[in-house]
Amino acid sequence: LPSQIISVGVPVPGLGLLSYRVPSRLGEAFKGARVSVPLGHRVVTGCVVDPCASAPDNAEIRDVLQIIDPEPFLPPRVVDLALWVGAYYAAGPGDALAIAMPPAARRGERSAFRTVQRAELAGAAQAGPPRGARQRAALDLLRIRPGLTLQECVRQGVGVATMRSLVRHGLVTLREEIVERDPFASAGVDQPGSLWSVEAAPDDRRALTAEQTAVLRQLRDWAAAGHYRTALLHGVTGSGKTEVYLRLARAVTDAGRRVLVLVPEIGLTPVVAGLFRARFGLRVAIQHSGLSEGERHDQWHRIRRGEVDIVVGTRSAVFAPLERVGLIIVDEEHDAAYKQEETPRYHGRDVAIVRARLEAALALLGSATPSLESASNARRGRYAHLVLTRRIFDRPLADVEVVDMRREYAAHGADVVLSERLAARLEERLERGEQSVLLLNRRGFASVIFCRQCGASLECPHCSVALTYHRAARRMRCHYCNYAAAVPARCGACGGEYLEQSGFGTERIEHEVRARFPTARVARVDRDTIRRRGALARVLREVGRGAVDVLIGTQMIAKGHDFPAVTLAGVIAADVGLGLADFRAAERTFQLLTQVLGRAGRGDAPGQAVVQTLYPDHYAIRAAAAQDYDAFFRRELEFRSSLHYPPATALINVFVKGRSLERAMADALDLATRVRQHQPQGRVIGPAPAALSKIKDEYRAQFFVKGSRRTAMREAVQRALEERPDLRRRTVVDVDPISVI
Ligand code: ADP
Ligand code: ZN
């Protein structure tokens, strides 16, 4: 009998598919099943990609050790999707297949459900002879409350030994039952009175606006057509995009197909999932890395068993094992969080589009500030383009005032954090009992500590960045490697004893607001305050129920939340991100400002906004203040085209790390030279030291590959790495990078 030869993806970076023989005693291995295979001296868990491969010539072929799943673990389409990701992002198939699985499954563990044993009376118990007192008590308990779990019986005073003996005598039976570990419960989704509880959720019957109706009609037709299409829904903040998603999802599930909903942040999953849960009941699952491993496992298997019509999750949910997908929604499609910043460096939105093509489904990208990529694809006709230009009930967008902080500094000194204007607006809100949000996209108390004598600033010993002062913790900290230390008494460079702080972060804003408005109820949201799971959801719930007057935070507070009582949005230093050496700096700033300004005035009272900046004339700040997306898009596209950056050009960013900057530069130069030879028609720019030239004790050199043919560009990089395998572990290849610093 000829034996089965399979090709397998194994989770080893940069390794291609491998062939193995399946000994006939193991049975048949299907596409998508996991197998244990020998690799060198190790045993690894791989995934079958091709169940009838042909044996490679002249290579010795080894045997599969074990078929872990008798049936496909990953649906075949998800296998194909992962293979595309592995190839496109130059990562190799195994790494991409691994992210399509829940964590325990990657380690080769068999599915592990949590079970309980429920006790019930057996027939004999009714007529049985009288037993001892303990057994009688146990039988009485089960008579009143049949189906108690063993644990519950113990809590009611019935010992395990008693139960065992009743089981042995055939008087009680134990039934094993799977308990779902339910992330909805731990996220508070179904809790009465919570912001996203079922009662609070708006119902299916309210009238849509004319714009919503038109957009929905079009989208329904496209979804029903049963072939692939991508549509961009550009809707201003508060225009009711979520309602469109919900109704469209209803049409798709009514037609017997399933829906995938991607959101950028873990913090937004419970909000969006709650809305879907309220409309679609239990046939909704969530998938994201913030779930416990058990919850993730159970949710994944519910999806895999076909018990779910709608999956809501962050980027990795794009690999959810759903079948018959008819619609993939990517909410806030412009958000950088869709990009995974480790191997495989995939972009959730772009993978969603590829999946929609594989599934012959509709991909719907929604945003108030579409990425340059999506907006230009829409303008060039590659995506359909739909717009919602007005807010619900024609509520006006916030009235924006721009404060030039150079004047403020001239008048009141360089120490000013809250401008006169912003402080006055805040005070009005507090008097009227309305809410405010204040954005500063930098955490900590002071962003630099420097010596007044020699001017040196305190840098992280492991990274080329200044240390941030955290007042509550009384420490200075590195935001890249988490190094922390007490502030020294003297300057390390000159011994001077006058160390001063400058620059400010969210912690300082909180301090200022509390000092100025002692009775205000203030909450702060940044990575320092919401370390613990569920902490963000808790603060947002407090804001939602009106227990917070002023919400201060980093970009986390800008996204997606719908708080009708917020009437003031303040931006403390609108230009924080503009100084970064990144070609997306202006786009990020524009998006962040537009999003945060969009938080104000979503209820009955109109909104106001104050934007503090040192560069009131910068086009990103002007366009955001005027809420003029088209103006921004034109300027920014011009800039990208003239400097050959995406979306005008395809871009691959390559970092080479080394023990010293000289070493990193020399290796990067060698690699760049090889890439140039392999791809004469593309352009290779660099190498140069990276903007952050040292992170975690590693020096980083960087070069760009630019051109119009991505595949050729990627293959040139891969060939160069094949010639220098010693550099593979020190090289990061980022295809379509979101950030290049
Ligand atoms: P976006 O996501 O576009 O910023 P949302 O979907 O959050 O906007 O909608 C803004 C607010 O308007 C929400 O409170 C939502 O419940 C409400 N809303 C949406 N559609 C309607 C409608 N047709 N009638 C009344 N209220 C609506
Ligand atoms: Zn550091």
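The notes below deal with the structure included here.

Criteria and thresholds
Residues numbered from 1 in each chain as written. Chains lettered and ligands numbered in written order. Predicted model: local features only at pLDDT ≥ 70, side-chain atom pairs only at ≥ 80, totals over all residues. Heavy atoms only, no water. Helix = DSSP H or I, 4+ residues; strand = E, 2+ residues; numbered from the N terminus. Rg over C-alpha atoms; globule rule 2.2 N^0.38 Å. Buried < 20%, exposed > 50% of the residue type's maximum accessible area, 1.4 Å probe, protein only. Contact = heavy atoms within 4.5 Å. Lys, Arg positive; Asp, Glu negative; His and termini not counted. Charge placed at Lys NZ, Arg CZ, Asp CG, Glu CD. Core = buried A, V, L, I, M, F, W, Y, C linked by side-chain atoms within 4.5 Å. Near = heavy atom within 4 Å. Polar contact = N/O pair within 3.5 Å; in protein donor to acceptor, adjacent residues only side chain to side chain. Areas by Shrake-Rupley, 256 points an atom, 1.4 Å probe, with all protein chains shown as cover. Nonpolar A, V, L, I, M, F, W, Y, C, P; charged D, E, K, R; others polar. Phe/Tyr/Trp six-rings, centres within 6.5 Å; stacked < 30°, edge-to-face > 60°. Pairing = 2+ DSSP bridges. Right-handed = clockwise from strand over helix to strand, strands pointing away. Expected span 1.5 Å × (residues − 1). Donors = N, O, S within 2.8 Å, 3.2 Å for Na, K, Ca; no water. Tetrahedral: all angles 85-135°; square planar, octahedral: opposite > 155°, others 65-115°.

### Details of the overall build of the chain
Then step 1. Of regular secondary structure, the chain possesses 23 helices and 30 strands.
Then step 2. Taken over the C-alpha trace, the chain has a radius of gyration of 29 Å; the compact-globule value for 741 residues is 27 Å, and the two agree within 12%.
Then step 3. In terms of overall dimensions, the chain has C-alpha extents of about 95 × 75 × 65 Å along its principal axes.
Then step 4. Taken across its 741 residues, the chain has 54% of its residues classed as buried.
Then step 5. A separation of at least 24 residues holds for 75% of the contacts in the chain among residues at least 6 apart in sequence.
Then step 6. One finds the centroid of the 105 positive side-chain charges in the chain at a distance of 3 Å from the centroid of its 83 negative side-chain charges.

### Comments concerning the nonpolar core
Then step 1. One finds L74, F319 and F703 to be the most contacted residues of the largest nonpolar core, which totals 66 residues.
Then step 2. It is helix 1 (residues 76–88) that provides the largest number of residues to this core, a total of six residues.
Then step 3. For F319, the contacting residues outside a window of four places in its chain are V78, L81, A82, V85, I99, A100, Y346, V351 and R355.

### Side note on the site of ligand 1
Then step 1. Among the 17 residues in the neighbourhood of ligand 1, the closest are listed as A207, Q212, G238, K241 and D562.
Then step 2. For ligand 1, an oxygen atom lies 3.0 Å from a polar atom in the side chain of R206.
Then step 3. Q212 places a polar side-chain atom, nitrogen or oxygen, 2.9 Å from a nitrogen atom of ligand 1.
Then step 4. When the free accessible area of ligand 1 is taken as 570 Å², the share hidden by the protein chains comes to 82%.
Then step 5. Top contributing element to the shell around ligand 1 by residue count: helix 10 (residues 241–254), with three residues.
Then step 6. Split by residue class, the shell around ligand 1 holds five nonpolar, seven polar and five charged.

### Describing the packing of aromatic side chains
Two descriptors summarise a pair of aromatic rings, namely the distance from one centre to the other and the angle between the planes of the rings.
Then step 1. Counted by the stated rule, this structure contains 13 aromatic pairs.
Then step 2. For the pair Y88 and Y89, a centre-to-centre distance of 4.8 Å together with 70° between the ring planes defines the contact as edge-to-face. Of the two residues, Y88 and Y89, both sit in the buried class.
Then step 3. Measuring from ring centre to ring centre gives 6.2 Å for F445 and Y469, while their planes differ by 85°; the resulting arrangement is edge-to-face. Here F445 is found in the loop between strand 17 (435–439) and strand 18 (448–451), whereas its partner Y469 is found in strand 19 (residues 468–470), with 24 residues between them in sequence.

### Things to note about the pairing of strand 26 (residues 608–613)
Then step 1. Buried residues dominate strand 26, accounting for six of its six residues.
Then step 2. Where strand 16 (residues 399–404) meets strand 26, six bridges bridge the pair, whose relative direction is parallel. By the bridge assignment for strand 26, V400 is matched with A609.
Then step 3. What joins strand 25 (residues 566–571) to strand 26 is helix 19 (residues 585–597), and the crossover it makes is right-handed.

### Some thoughts on the environment of V403
Then step 1. Residue placement: V403 occurs in strand 16.
Then step 2. Exposure remark for V403: the relative accessible area of 10% places this residue in the buried category.
Then step 3. Not counting residues within four places of it along the chain, the set of residues in contact with V403 comprises E408, S419, R421, V610, V611, Q612 and T613.

### Here we look at helix 11 (residues 269–280)
Then step 1. An ideal rise of 1.5 Å per residue puts 16 Å on twelve residues; helix 11 measures up with 16 Å between its terminal C-alpha atoms.
Then step 2. Within the sequence span of helix 11, burial applies to T269, P270, V271, V272, A273, G274, F276, R277, R279 and F280.
Then step 3. G281, located one to two residues past helix 11, shows a positive phi value of around 60°.

### A closer look at the coordination of the zinc ion (ligand 2)
Then step 1. Looking at the metal site, the zinc ion (ligand 2) is ligated by C460 (SG), C463 (SG), C478 (SG) and C481 (SG), spaced 2.3 Å from it.
Then step 2. If you look at the zinc ion (ligand 2), its four donor atoms make angles of 105 to 114° with each other, and the shape they trace is tetrahedral.
Then step 3. Sequence spacing of the donor residues for the zinc ion (ligand 2), all on one chain, is C-x2-C-x14-C-x2-C. Pair noted here: C460 is in the loop between strand 18 and strand 19 and C481 is in the loop between strand 20 (475–477) and strand 21 (484–485), with a separation of 21 residues, a long-range link.
Then step 4. Here C460 falls in the buried class, since its relative accessible area comes to 4%.

### Some words on the side chain of Q135
Then step 1. Counting through the fold element by element, Q135 comes out in helix 5 (residues 133–144).
Then step 2. Classification of Q135 by relative accessible area gives buried; the value is 14%.
Then step 3. If we skip the residues at most four places from it in the chain, Q135 touches T162, S165 and L166.

### Side note on unusual backbone geometry
Then step 1. Of note, the amide linkage connecting T343 to P344 takes the cis form, showing an omega dihedral of -10°.
Then step 2. Positionally, P344 belongs in the loop between strand 13 (325–331) and helix 13 (348–359).
Then step 3. The omega angle of the peptide bond from G686 to P687 is 10°, so this bond is cis rather than trans.
Then step 4. Examined against the element boundaries, P687 turns out to sit in strand 28 (residues 683–695).

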